[in-house]
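Next come the chains, spelled out residue by residue.
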Amino acid sequence: MTSSGLSLVRRAAEAVRRTPRWQKRLVFFTVGVGTLTYACQDDQVLQICDGTGKKKKVVILGTGWAGASFLRNIDTSLYDIHVVSPRNYFTFTPLLPSVTCGTVEARSIVEPVRNIVRKRNCAFRFWEAECFKIDPANKKVHCRSDVGTNIDGNGEFVVDYDYLIVTVGARPNTFNTPGVTENCHFLKEVEDAQNIRKSVLKCFERASLPNLSEEERKKNLHFVVIGGGPTGVEFAAELHDFVNEDLAKLYPDVRKYVNISVIEAGGHILTMFDKRITQFAEEKFKRDGIDLKTNFKVVKVSDKDITMTNPATGEIAVPYGMAVWSTGIGTRPIIMDFMKQVGQGNRRALATDEWLRVQGCEDVYALGDCATIAQRKVMEDVAAIFRVADKDNSGTLTVKKIKDVLGDICERYPQVELYLKSNQMKGFHDLLKDSDGNSKELKELDIEQFKKALAQVDSQVKMLPATAQVAAQEGLYLAKCFNRMKICEENPEGPLRIRGSGRHRFKPFRYRHLGQFAPLGGEQTAYQLPGDWVHVGHSTQWLWYSAYASMQFSWRTRMLVVSDWGRRFIFGRDSSSL
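Just so it is clear, the model here is predicted, and its values are computed rather than measured.

### Describing the UniProt feature "domain: EF-hand" (unreviewed entry) in the protein chain
At step 1: In this structure's numbering, the residues bearing the UniProt feature "domain: EF-hand" (unreviewed entry) are residues 377-412.
At step 2: Counted over residues 377-412, helix gives 61% and strand 0%. Its end C-alpha atoms are 10 Å apart.

If you want it as structure tokens, here you go:
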């Protein structure tokens, strides 16, 4: 045996010797072919392989909603699963505003990645590291850990893949506003929520110090939320309740100096909700004393004041004690570099097709906030659709011919069905009416008439929102596709291929909107369901409790969240900064 082979065996034997006996399960050496496998009690496998394994390697980047949903539903017996993420846990992000004020504890909304797969008795690999480069040409991802682990001590390593699932999410969008990164808090991670909680309490402690002027106390207790979206509005409402229900008892001398402001560049807050919810939220904030500043654009943030402009008042500077920036999401550097590699350099997010495959490369999928589905336009494929429907090559179409492929057209182009519904059309034949309103059901259409009938359909194309609901559904959908990969290769279940022969392997991804909540404080929540159904009030708050408790990833977090809510009603919120 060579000296290098003996060295490998010695190192492996030493590692086994140092491992407690109750942890040891299996040690297998094949020095001649360079294979080493060592399995521990937690089913995590460290493997150096010569590449002859039969399973395809699936690498998941990120442990957010999309990545965790994919990991929970993928059949790990079919694939070799690798996960790379700078955090080793999943965060239930909708409850982050509650963490900022102690309504819910941080530990209650996080689920370790290893816990997600532990009960499934599967072998997978997880590395707590950040991917900084994707190499689609060689099917490799370059990663970097915070702790140096290789000979050079820089913590960099390379992972190859057969399929890559990119779910790295997005970063806060500062719009290059000066001073935002240095002086504002964000609300994207658990650490952000904990820092905000500490900062709020420090503001109260500073304002309670002796020998401060009234203006200094007002400045320290001026809390500014920049952004009138769901996250900013919910945080402002949580903070208002925290101040009035808990901190007012602990700091009675400075309570009168507290001021909460919400700054929104648009004309209204919660613009993605129904107008009735927007109006109710604005009126409630006014009653609660929350200062709502609409049509104000922040242009600079210093450590002392926030400078903003308004068409009526011009530029003004407002002193503040703490500021939270919540104005949307931006693209991460790794995604920007990757988009340039695949010819998408002018986009804000990775473009994928309806099967979540990244356009411009093979075997790479992108889900969640880092990607967007580039829905194919009907007018781009109208000639191909005409050719598929014209089975007898007569050069003309009848409504009967169209009906034969209507299901595939609606499945491939969902805007067709949306257009029919939005215009209250009973069927496709309503699109084929001439200028006199006479149905062309018994007539034949040429290509130009067919184009004219579909001319307005693409107006229904809509981008999916960057929400947890979308990301979770994408992860579930893609996992089911991977689980049926082999079956659908032999028996495709998707629609007819407009360009090419046969059918697509899978049905395209279709987002199903289940409604959205907007907690407004004071035990009142707004809820909007599809179909113009809106409800606001205390009963909706309990529905919010039920929905968010049931959506937790495990019984552990479910019980912790419920107990935190119960503790709040009995003892109040936790007012410590720990």
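Picking up where we left off.
### Topic: the packing of aromatic side chains
At step 1: Counted according to the given criterion, the structure contains 25 aromatic pairs.
At step 2: Between Phe204 and Tyr251, the ring centres sit 5.1 Å apart and the planes meet at 40°, which makes this aromatic pair tilted. Of this pair, Phe204 sits in helix α6 (residues 190-207) while Tyr251 sits in the loop between α8 (230-250) and β15 (259-264), placing them 47 residues apart in sequence.
At step 3: The buried category is assigned to Tyr251, whose relative accessible area is 12%.
At step 4: Sitting over the face of the ring of Phe296, Lys293 holds its NZ or CZ atom 5.8 Å from the ring centroid.

### Regarding the sheet that holds strand β23 (residues 364-366)
At step 1: With parallel pairing, the five strands of this open sheet are ordered in space as β8-β5-β4-β12-β23. Each edge of the open sheet carries a strand with a single partner, namely β8 (124-128) and β23. Between one strand and the next, the sheet's axes are offset by a mean angle of 15°, whatever the strand orientation.
At step 2: As paired strands, strand β12 (residues 163-166) and β23 are joined by three bridges and run parallel to one another. The residue of β23 that forms the bridge with Ile165 is Tyr365.
At step 3: Where helix α2 (residues 65-73) meets the sheet, it contacts β4 (56-61), β5 (79-85) and β12, and its direction lies at approximately 150° from that of β4.
At step 4: The strands touched by helix α15 (residues 468-483) are β4, β5, β12 and β23; relative to β12, the strand with the most contacts, the crossing angle is about 170°.

### Regarding the pairing of strand β17 (residues 297-301)
At step 1: The pairing of β17 with strand β18 (residues 305-310) spans four bridges and is classified as antiparallel. Opposite Lys297, over in β18, you have Thr309 as the bridge partner.
At step 2: Two successive antiparallel strands, β17 and β18, enclose a turn made up of three residues.

### A few points about the sheet that holds strand β25 (residues 516-519)
At step 1: Judged by pairing direction, the sheet is antiparallel, and its three strands sit side by side in the order β25-β26-β27 without closing on themselves. In this open sheet, the two strands that pair with only one neighbour each are β25 and β27 (533-537). Across the sheet, the axes of successive neighbouring strands diverge by a mean angle of 10°, strand direction being ignored.
At step 2: Strand direction decides the pairing type here: β25 and strand β26 (residues 525-529), joined by four bridges, are antiparallel. Directly across from Ala518, in β26, lies its bridge partner Ala526.

### A closer look at the side chain of Thr557
At step 1: For Thr557, the location among the structural elements is in helix α18 (residues 555-571).
At step 2: Residue classification places Thr557 among the buried positions, given a relative accessible area of 1%.
At step 3: There is a polar contact of 3.1 Å between the side chain of Thr557 and the backbone oxygen of Ser554.
At step 4: Setting aside residues up to four positions removed in sequence, Thr557 forms contacts with Ser108, Val110, Glu111 and Gln552.

### Examining α8
At step 1: A rise of 1.5 Å per residue sets the reference length of α8, with its 21 residues, at 30 Å; its end C-alpha atoms lie 29 Å apart and thus fit the reference within 8%.
At step 2: At Val243, α8 shows its largest bend, some 40°.
At step 3: Among the 21 residues in α8, 15 count as buried, and that is most of the element.

### What about the pattern of salt bridges?
Where charged atoms from two side chains of opposite charge approach closely, those side chains can pair.
At step 1: Under the criterion given, the structure shown has 28 salt bridges.
At step 2: A salt bridge links Asp246 to Arg573; the shortest N-O distance between them is 2.8 Å. With a gap of 327 residues between them, Asp246 in helix α8 and Arg573 in the segment after α18 connect regions that are remote in the sequence.

### Describing the nonpolar core
At step 1: Phe204 and Phe482 are the most contacted members of the largest nonpolar core, which has 94 residues in total.
At step 2: Mapping this core onto the domain boundaries places at least three of its residues in each of domain 1 (51-85 + 128-169 + 330-374 + 462-511) and domain 2 (183-328 + 513-569).
At step 3: Each residue touching Phe204, except ones within four places of it in the same chain, is listed here: Leu221, Phe223, Val243, Leu247, Tyr251, Val254 and Val258.
At step 4: Leu61, Ile134, Val159 and Val358 belong to the second largest nonpolar core, which has 24 residues in total.

### Some details on unusual backbone geometry
Across residues other than glycine, the phi torsion is negative in most instances, and most of the peptide bonds are trans.
At step 1: Not every positive phi belongs to a glycine, and Phe175 is a case in point at roughly 55°.
At step 2: With respect to the element layout, Phe175 can be found in the loop between β13 (171-172) and α5 (180-183).
At step 3: Although it is not a glycine, Asn393 sits at a positive phi angle of roughly 55°.
At step 4: With respect to the element layout, Asn393 can be found in the loop between α11 (382-389) and α12 (399-412).

Parameters and conventions
- Residues numbered from 1 in each chain as written.
- Predicted model: local features only at pLDDT ≥ 70, side-chain atom pairs only at ≥ 80, totals over all residues.
- Heavy atoms only, no water.
- UniProt positions renumbered as here; feature names shortened; annotations may be inferred.
- Helix = DSSP H or I, 4+ residues; strand = E, 2+ residues; numbered from the N terminus.
- Phe/Tyr/Trp six-rings, centres within 6.5 Å; stacked < 30°, edge-to-face > 60°.
- Buried < 20%, exposed > 50% of the residue type's maximum accessible area, 1.4 Å probe, protein only.
- Lys NZ or Arg CZ within 6 Å of the ring centre and 35° of its normal.
- Pairing = 2+ DSSP bridges.
- Axes fitted to C-alpha atoms, helices over the stretch in contact; angles between N-to-C directions.
- Contact = heavy atoms within 4.5 Å.
- Polar contact = N/O pair within 3.5 Å; in protein donor to acceptor, adjacent residues only side chain to side chain.
- Expected span 1.5 Å × (residues − 1).
- Bend = angle between axes of the 7 residues up to and from the residue.
- Salt bridge = Lys/Arg side-chain N within 4 Å of Asp/Glu carboxyl O.
- Core = buried A, V, L, I, M, F, W, Y, C linked by side-chain atoms within 4.5 Å.
- Domains from an automatic or database assignment.

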